[in-house]
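The chain contents come next:
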Amino acid sequence: MLRNVGSADRLVRIVLGLALIAFTFRNGVPVHGWDWAGLIGIVPLLTGLFGTCPAYSLIGYSSCARQK
């Protein structure tokens, strides 16, 4: 896959993903009520770790530095 997520964008995605996942499990392992919504943090975490974003691919955007 073509990388389309730059380094600053990757860092923000990883931190945000970890924060959302931590929010989900702040009261222990059982996920109840709206705590499951924090599992959305898996998406930015994975896109940050792999360096590719399917939404960016769809619109043709890249936050990577341009190669000369």
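These numbers come from a predicted model, not from an experiment. Just so you know, the residues in each chain are numbered from 1, in the order the chain's sequence is written. Confidence filtering applies because this is a predicted model: local features only for residues at pLDDT of at least 70, side-chain atom pairs given and counted only at 80 or more, and all residues used for totals across whole chains, interfaces and linings. Each side-chain value is derived from all of the structure's non-hydrogen atoms; neither hydrogens nor water enter the calculation.

Peer 1: When you look at the pattern of salt bridges in this model, what are you seeing that I'm missing?
Peer 2: Pairing is possible between side chains of opposite charge, provided their charged atoms come close. When a carboxyl oxygen of Asp or Glu is within 4 Å of a side-chain nitrogen of Lys or Arg, the pair counts as a salt bridge. In this structure the tally under the stated criterion is one salt bridge. Across the salt bridge formed by arginine 13 and aspartate 9, the nearest N and O atoms sit 3.1 Å from each other. Here arginine 13 pairs with aspartate 9, and both are found in helix α1 (residues 7-24), just four residues apart, close to one helical turn. Like arginine 13, the residue aspartate 9 is buried in the burial classification. Secondary structure elements follow DSSP: runs of H or I of four or more residues count as helices, runs of E of two or more count as strands, with numbering from the N terminus. Only protein chains enter the accessibility calculation, which uses a 1.4 Å probe; a residue is then buried when its area is under 20% of its type maximum, exposed when over 50%, and partly exposed in between.

Peer 1: Sorry if this is basic, but what is going on with α1 here?
Peer 2: Turn by turn, an α-helix covers 3.6 residues, leaving residues three or four places apart pointing in a common direction. By this rule the span expected of a helix is its residue count minus one, scaled by 1.5 Å. Here α1 spans 26 Å end to end across 18 residues, near enough to the 26 Å set by a 1.5 Å rise per residue. Every buried residue of α1 is accounted for by Asp9, Arg13, Gly17, Ile21 and Thr24. Looking straight down α1, one finds its buried side chains confined to an arc of 90°; they lie on one side. In this structure, α1 carries Ser7, Ala8, Leu11 and Val12 as exposed residues pointing more than 90 degrees from its buried face. Of all possible arcs, the one meant is that of the directions from the helix axis to the C-beta atoms.

Peer 1: Quick question: what am I supposed to make of helix α2 (residues 42-50) here?
Peer 2: Taken as a whole, α2 has its buried residues at Pro44, Leu45, Thr47 and Gly48. In this structure, the buried residues of α2 make contact with α1 and α3 (54-59). A positive phi of about 75° marks glycine 51, the residue just after α2. In this analysis, two residues are considered to be in contact whenever any of their non-hydrogen atoms come within 4.5 Å of each other.

Peer 1: Explain the environment of arginine 3 to me, please; I cannot follow it from the model alone.
Peer 2: Secondary-structure assignment places arginine 3 in the segment before α1. Taking the relative accessible area as the measure of exposure, arginine 3 reaches 48% and is therefore partly exposed. Separated by 44 residues in the primary sequence, arginine 3 and threonine 47 have C-alpha atoms spaced 9.9 Å apart. Among residues more than four places away in sequence, those in contact with arginine 3 are Arg10, Phe50, Gly51, Ser62 and Cys64.

Read these as geometric descriptors, not functional statements.
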